[in-house]
Amino acid sequence: MDLVIKAARAITAAGEVAATVGVEGGRIVAVEPAGAAFDGDRVLELGEDVVLLPGLVDTHVHVNDPGRAEWEGFASATRAAAAGGVTTIVDMPLNSLPPTVDVAALEVKRKAAEGRVHVDVGFWGGAIPGNLAELRGLHEAGVFGFKSFLLHSGVDEFPPLDARGLEEAMTELRTFDGMIIVHAEDSEAIDHAPDPHGEKYDDFLRSRPRGAENVAIAQVIELARRTGVRAHILHLSSSDALPMVESARRDGVRLTAETCPHYLSFTAEEIGDGATQFKCCPPIREAGNRELLWQGLADGVIDCVVTDHSPCTPELKRFDSGDFGLAWGGIAGLQLGLPAVWTQARQRGFALADVVRWMAEHPAEQAGMRRKGHLAPGYDADFSVFAPDEAFVVDVAKLKHRNPVSAYHGRPLAGVVRSTWLRGEEITGDDPAGVLLTRGEC
């Protein structure tokens, strides 16, 4: 074989076990108990202090390239992903220029990424007013699904859909079994909430109430029920919505939901005045809400955990004024998702196998990737070698993200990624080895 990995600890379908993994041609060809007699051109023996994980799949990443590459770019984003044990990302259609709302824009983005990615990269398309006729072409060109907003997205070139537009997009996607992924906050509810302003996080939190999220999720559920489309709720932060999601699935609605490491890690009560590095939309909510999100993961109502990596330059965070109303909303966390989630998960009695299910297996399945997210024969030989008991304190100056801004700065986390492997080759960060993925081919 090309590569044999002898792991004292590995996460497979059987849970955490000792395993011998064989790789040929960039694919896993065998996963056998420890001691299996495999011959390999290269043999990697892992000690008991590390666990072999399948490479993580992060289906919610804003790379912003081209057009706003000073916020992030394909080279820096994919280096950060690899440093965090992530071997596959799917890039969001907005914040880049042009946004990915037609095939021509998708080609511009692919050209910007070509030869510059250190992990595998796929792309979401966008559903906005006026591009209904473009959706099938984008689907045939290989996007994994279509993102829409129900309120202002933060950038004018990616406008939201109203209720009629969302239903029309869902109806069109159902004709070719496309998937809609929705930023679910209701614009009218937020228009009637207090304006965000000043340094107080509580004031910002009141400007994005749970009710706005709950109403929008209910609307998505009812339209998905009516049209039969596959629908996915992005970055769920309101635990109030969990019973609605559970009920809809019980009724047969084709619905999935994700949450993010920052909603599982931080609480509104701990965010200080002017700490705009914590601003995101929907917002980080109260401690009790966080615990209910963890329960939603335990119950299987929330399917996956992805970062919603949404970086920007330090200036856009408005540290000069600390004004939450003016600051860009987004958490930069692509490199830190695994240790952030593991730090909180282990405190609540979860195992690494649970984390792998939320951050590798289910994101891959939700996006329709057949060769990603599992440590099993037939899957790509994408691995993360993870030391779960090693701790570190986050220093933004040492992260691979383009800009040194992170809500995790100064936070102690458990778990260190020792190495990351893509199709049987270790990612060094020097030579780009990733490929651009299309739906149905991965």
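Residues numbered from 1 in each chain as written. Predicted model: local features only at pLDDT ≥ 70, side-chain atom pairs only at ≥ 80, totals over all residues. Heavy atoms only, no water.

Participant: Provide a residue-level description of the pattern of salt bridges, including the pertinent values.
Facilitator: Between side chains of opposite charge, a pair can form as their charged atoms come close. For the coordinates displayed, the defined rule picks out 33 salt bridges. Note that glutamate 222 and arginine 225 form a salt bridge whose closest N and O atoms lie 3.0 Å from each other. Pair noted here: glutamate 222 and arginine 225 are both in helix α7 (residues 210-227), with a separation of 3 residues, about one helical turn. Relative accessible area serves as the criterion here: at 37%, arginine 225 is assigned to the partly exposed category. Where aspartate 303 meets arginine 249, a salt bridge forms, and the shortest distance between an N and an O atom there is 2.2 Å. Of this pair, aspartate 303 sits in the loop between α10 (287-299) and β14 (304-305) while arginine 249 sits in helix α8 (residues 242-250), and the two are 54 residues apart along the sequence. Assessed through its relative accessible area of 16%, aspartate 303 is described here as buried. Taking relative accessible area as the criterion, arginine 249 reaches 24% and is therefore assigned partly exposed. Sharing partners across several salt bridges, the network here consists of Arg27, Asp120, Arg371, Lys372, Asp380, Asp382 and Arg423. (Salt bridge = Lys/Arg side-chain N within 4 Å of Asp/Glu carboxyl O. Helix = DSSP H or I, 4+ residues; strand = E, 2+ residues; numbered from the N terminus. Buried < 20%, exposed > 50% of the residue type's maximum accessible area, 1.4 Å probe, protein only.)

Participant: Can you lay out the side chain of histidine 183 for me, pointing to particular residues and giving the numbers?
Facilitator: Mapped onto the elements of the fold, histidine 183 is located in strand β11 (residues 179-183). Within the structure, the side chain of histidine 183 is placed 2.7 Å from the side chain of glutamate 185, a separation counted as a polar contact. A polar contact is formed between the side chain of histidine 183 and the side chain of histidine 235, at a distance of 3.0 Å. Every residue in contact with histidine 183, bar those within four places of it in the chain, is listed here: Lys147, Ser148, Phe149, Leu150, Leu151, Arg208, Leu234, His235, Cys281 and Pro282. (Polar contact = N/O pair within 3.5 Å; in protein donor to acceptor, adjacent residues only side chain to side chain. Contact = heavy atoms within 4.5 Å.)

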